[in-house]
Protein chains: 2
Amino acid sequence: MLVVKKFGGTSVANKERIFNVAKRCVEDYKNGNQVVVVLSAMGKQTDVLLDMARDINPKASKRELDMLLTTGEQTSVALMSMALDSLGVPAVSLNAFQVAMHTTSDNGNARLKKIDAKRIKFELDNRRIVVITGFQGVNRYGDYTTLGRGGSDTTAVALAAALHADACEIFTDVDGVFTADPRIVPCARKLNVISYDEMLELASLGAGVLHNRSVEMAKKYGVQLVVRSSLNTSEGTVVKEESNMEKMLVSGVATDKNVAQFSVEGLENKPGVAFKLFHHLANHNVNVDMILQSVEHGGTQDISFTVTKEMADEALDVLERHGKTSLKCEKIAVAKDVAKVSVVGAGMVSNPGVAAKMFEALYDAGINIRQISTSEIRVSVLIDEKYADPAAQAVHDAFSLED
Amino acid sequence: MLVVKKFGGTSVANKERIFNVAKRCVEDYKNGNQVVVVLSAMGKQTDVLLDMARDINPKASKRELDMLLTTGEQTSVALMSMALDSLGVPAVSLNAFQVAMHTTSDNGNARLKKIDAKRIKFELDNRRIVVITGFQGVNRYGDYTTLGRGGSDTTAVALAAALHADACEIFTDVDGVFTADPRIVPCARKLNVISYDEMLELASLGAGVLHNRSVEMAKKYGVQLVVRSSLNTSEGTVVKEESNMEKMLVSGVATDKNVAQFSVEGLENKPGVAFKLFHHLANHNVNVDMILQSVEHGGTQDISFTVTKEMADEALDVLERHGKTSLKCEKIAVAKDVAKVSVVGAGMVSNPGVAAKMFEALYDAGINIRQISTSEIRVSVLIDEKYADPAAQAVHDAFSLED
């Protein structure tokens, strides 16, 4: 069996943890498996390097930042290879040049294009554990790139796809994917299986275990993921195409407190208004979510949407600059003390009662809904931030997701 | 003009020093020159990385050590490129893969084989300062290598040769090459010019400004070197093929205290004895210097030689193990409290009086000579270590080398 195992920065933050990871890999190896290990930079090393760069040049080019940052993973893989070797297992570390890991040229946010599997296969065939730098790639000019947020997960999934791996294990500091954040809903239950689509909804809703990009890539190439803890040997959660068995009605509740709500009121009811509004925001790199356009009332209409809290000031600035002129709106309102609570479940698509049941639970808990948005397998509501935790608990209870 | 400028680790140890170096490079650039900068790892970073490796695995493979160490120079070049950019000059950093810098496969002690100048020329033609990692290379398998001691100097000279540079400046913390170590002989004078051969003798005699390998390569490819200070703008010392002007009789006095003397006494006087002796030592990687074989007396003979002080125990161990059996010697003696003092000068070859004058100076100073060795342009004597400094001063005076 060929397994790809990915460990994040906290899992390799010091000597002790490096050896913990090494021992897990050795166990797999001694069971006769071919083992590929993908690592991030140690602990906070990426932040340390970014601070060094900022100190030298706050406007450092992304090309040079990537040149600097890629030293982080290279340090991790070299040390891990030494640790494996000291445990008596031959190992070899490879960076993005050595693999090679071809990406687009977008420094800081590159996309993987192609992975050469030749060197890796050669090393595996020689019964070595292959330790590979996550997060980094090389563009067509021979420059280092980095993959942006969730980059190492993406590297692991891409390697699993390129190598036709039998398993791709993503190690984190939690036991797997839960029906809700256990810090908010104490009785949350670990899921044994979840579909790619459900995971995608949960990932984008702030469940935070896996990054969207890696799940999308896993879905595209049919790579079965296992999310499991680096601290214990519990089974974790398998992320895969939904099976033929009955779909779960609701698989989890996600809470996202990093939300601000905008209302742009009194807009003319004519074609192009929504386009202009979101065009201005997109021009300033403001990502919007949960767009809602009201029905016309008295010749005008309102548009509401959400952004992340960090982007709220930028969004407000854009709206105020264009509000009176090109948008011709009457009022711009922003609420920063809001949160989004969502239920996700592949079974929802054929069960119309889910939304109603969720709203009932919130009503029973005395929580007012500010805005609603849905997808085929998700229902999200925007509520006051102070009610986020009780709302998650109430919804979790209503769908009997507890242990 | 195309200039290659090499700065060591202390010159880029912190933000302030990085900007000092950057400013020097910008000055050259603004004078219309094409500038290539070669850097070592920052300050003690290589030692820090070696300590990390030792902590994980004291027997780490050289392949993985090189993988780890090469992050050091990559960090330097990325930060330098950012500093240059912040001074308004476009710059690009390149590592050994990006250049590419082809070497033999000997990890930790690789030799440069070939440098691709294409990428560098492209960047120079686009009026960028090109900042290149010293010390590192890539072998035929696509693995990182390092060049061993003096590696970054060698990188700089090799780049100057490959790029047909007009100058190759090696920046150090002294003003250039001196007639003697100014800490020992206070009136020592800075040399304006010295030949490759003289520099080679001085380098191997512990003058420590330039490593042998880089001088050998400079000689081979006719690269004119300038050794100068990174702390001021004084002219430095030019190292080049000797000119047609009259050769200097003696250009300098070198002192090397890192010496231990061995005497292997009572060896049979028959073929193969010397071979066996040095073969055993070579097998244990003990480098020997200043070999002296005595004339036969009473059917046996003695052989003396020197090694560095660090190797003395290893050499003694080897000799004791083989002394009674294969070597059949009567006695092995070792003196660790010795030093080598040498005079170097290209004019010596046609002036037979140099050795006599040196011995006279030592005799006048009451210093006993333990052993003598000479080359065409050098006379070295082994003396008690405690007399090393007065010996250097006496010889320096005798040849009127002072300022």
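### Describing the interface of chain B and chain A
Facing 27 residues of chain B, the contacting portion of chain A comprises 27 residues. When contributions to the side of chain B that touches chain A are tallied by element, the ones reaching two or more residues are helix H1 (15–30), helix H2 (45–56), helix H3 (62–86) and helix H4 (96–99) of chain B. For the side of chain B that touches chain A, the element with the most residues is H3(B), which contributes 13 residues. In terms of residue class, the side of chain B that touches chain A is built from twelve nonpolar, ten polar and five charged.

### Points about the pairing of strand S9 (residues 167–172) of chain B
Residues and elements named next belong to chain B. The buried fraction of S9 is high, at five of six residues. Where strand S1 (residues 2–7) and S9 come together, five bridges link them in parallel fashion. For valine 4, the partnering residue across the bridge sits in S9 and is cysteine 168. Sheet analysis places S9 next to strand S11 (residues 225–229), joined by five bridges and oriented parallel. Residue pairing across strands places glutamate 169 opposite valine 226, the latter belonging to S11.

### Thoughts on the sheet that holds S11(B)
All names here are of chain B. An order of S3-S6-S2-S1-S9-S11-S12-S10 is seen for the eight strands of this open sheet, with the pairing classed as mixed. Of all strands in the sheet, those bounded by a partner on one side alone are strand S3 (91–94) and strand S10 (193–195). Neighbour to neighbour, the strand axes of the sheet diverge by 20° on average, direction disregarded. Sheet strands in contact with helix H5 (residues 118–125) are strand S2 (34–39), S3 and strand S6 (129–133), and its direction is about 150° off that of S6. Seen against the sheet, helix H6 (residues 151–162) touches S1, S2, S6 and S9 and runs at an angle of roughly 175° to S1.

### Quick look at the relation of the copies chain B and chain A
Superposing chain B onto chain A takes a rotation of 179° combined with a translation of 0.0 Å along the rotation axis, leaving an RMSD of 0.2 Å. The relationship between the two copies is best expressed as a two-fold rotation axis. Taking the C-alpha atom as reference, chain B places B:Thr71 closest to the rotation axis, 2.6 Å from it. Looking at chain B, 100% of its interface residues are interface residues in chain A too, so the copies touch through the same face.

### Concerning the pairing of S2(B)
Residues and elements named next belong to chain B. With respect to burial, S2 is a largely interior element, six of its six residues being buried. Neither face of S2 is exposed, since Gln34, Val36 and Val38 on one face and Val35, Val37 and Leu39 on the opposite face are all buried. Here S1 runs beside S2; their pairing, made up of six bridges, is parallel. Among the inter-strand pairings, valine 3 is bridged to a residue of S2, identified as valine 35.

### A look at the domain arrangement of chain A
Assigned domains within chain A: domain 1 (2–172) and domain 2 (253–398). A separation of 38 Å is found between the C-alpha centroids of domain 1 of chain A and domain 2 of chain A.

### Re unusual backbone geometry
Along the chain, A:Val99 connects to A:Ala100 via a cis peptide bond; the corresponding omega equals -10°. Checked against the element boundaries, A:Ala100 lands in the loop between helix H4 (96–99) and strand S4 (101–103).

### So, the environment of A:Arg378
Residue and element names in this part refer to chain A. Mapped onto the elements of the fold, arginine 378 is located in strand S18 (residues 378–384). Exposure remark for arginine 378: the 23 C-beta atoms within 10 Å place this residue in the buried category. Residues in contact with arginine 378, not counting those within four places in the same chain, are Glu201, Ser342, Val343 and Val344.

Cut-offs used in this document
Residues numbered from 1 in each chain as written. Chains lettered and ligands numbered in written order. Predicted model: local features only at pLDDT ≥ 70, side-chain atom pairs only at ≥ 80, totals over all residues. Contact = placed C-beta atoms within 7 Å. Helix = DSSP H or I, 4+ residues; strand = E, 2+ residues; numbered from the N terminus. Nonpolar A, V, L, I, M, F, W, Y, C, P; charged D, E, K, R; others polar. Buried ≥ 20, exposed ≤ 12 C-beta atoms within 10 Å, placed from the backbone. Pairing = 2+ DSSP bridges. Axes fitted to C-alpha atoms, helices over the stretch in contact; angles between N-to-C directions. Least-squares fit on C-alpha atoms with pLDDT ≥ 70 in both. Domains from an automatic or database assignment.

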